[in-house]
Amino acid sequence: MSAQPERTFEQLLASLEQTIGRHPRSYRRDGDLSAQPEPTFEQLLASLEQTIGRLADGTAPLEELVAAHERAARLLSEAEKRLESLRAKAEALSAQLR
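As a starting point, this report considers the structure included with it. Owing to the predicted nature of the structure, the values given are computational and were not obtained by experimental measurement.

Each value, and the rule that gives it
Every chain begins its residue count from 1, and numbering advances along the sequence as written. A pLDDT threshold of at least 70 governs which residues receive local features in this predicted model, and a stricter bar of 80 or more applies before side-chain atom pairs are shown or counted, although totals over entire chains, interfaces and linings include all residues. Water and hydrogen atoms play no part in the side-chain values, which are based on all heavy atoms of the structure. A run of H or I in DSSP counts as a helix once it spans at least four residues, and a run of E counts as a strand once it spans at least two, with each numbered from the N terminus. In this analysis, two residues are considered to be in contact whenever any of their non-hydrogen atoms come within 4.5 Å of each other. By convention a nonpolar core is built from buried Ala, Val, Leu, Ile, Met, Phe, Trp, Tyr and Cys residues, the set being connected through side-chain atoms within 4.5 Å. In this scheme, a residue with accessible area under 20% of its type's maximum is buried, one over 50% is exposed, and one in between is partly exposed, where area comes from a 1.4 Å probe on protein chains only. Every helix has an expected span of 1.5 Å times one less than the residues it contains. Here the arc refers to the set of directions running from the helix axis out to each C-beta atom.

1. Here's the deal with the overall build of the protein chain
Looking only at helices and strands, the protein chain features three helices and zero strands. In the protein chain, the succession of helices and strands from N to C terminus is α-α-α. A separation of at least 24 residues holds for 59% of the contacts in the protein chain among residues at least 6 apart in sequence.

2. Observations regarding the environment of Ala72
With respect to the helices, strands and loops of the structure, Ala72 is situated in helix α3 (residues 62-97). In this structure the C-alpha to C-alpha distance between Ala72 and Leu44, which are 28 residues apart in sequence, comes to 10.0 Å. With residues up to four places along the chain from it excluded, the contact list for Ala72 reads Leu48, Thr51 and Leu55.

3. A closer look at the nonpolar core
By size, the foremost hydrophobic cluster in this structure holds six residues: Phe41, Leu44, Leu48, Ala72, Leu75 and Ala79. Broken down by secondary-structure element, the contributors of at least two residues to this core are α2 (41-57) and α3. With sequence-adjacent residues up to four places away left out, Ala79 is seen in contact with Phe41, Leu44 and Leu45.

4. Section: α2
In this model, α2 (17 residues) spans 24 Å end to end at C-alpha, consistent with the 24 Å of a helix rising 1.5 Å per residue. Inspection of α2 places Phe41, Leu44, Ser47, Leu48, Thr51 and Arg54 among the buried residues, and these make up the whole buried set. The buried residues of α2 occupy one face: seen down the axis, they fall within an arc of 145°. Exposed residues lying more than 90 degrees from the buried face of α2 are Glu42, Glu49 and Ala56. At the exit of α2 stands Gly58, carrying a positive phi of roughly 70°.

Here it is as structure tokens:
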């Protein structure tokens, strides 16, 4: 396993925000908001794992840890909603096949 360069907390947050489509600079050059695709369930989980890893590290200043905790809570909520939606779709498809 190769060592990856350590990224700053701000870089991790920017990556996370881009993944979940809430980056403050997510607009086209002409100033209009861009339509970003919704992240997949897998992308939400990856972002959540990354954020939890930051929390588990525990070496960041308290304010950064609180911000990471808030993001983790939002990601978890979104992942749970997405999972429930996918579960309902799977059940509906299964019912159609019977």
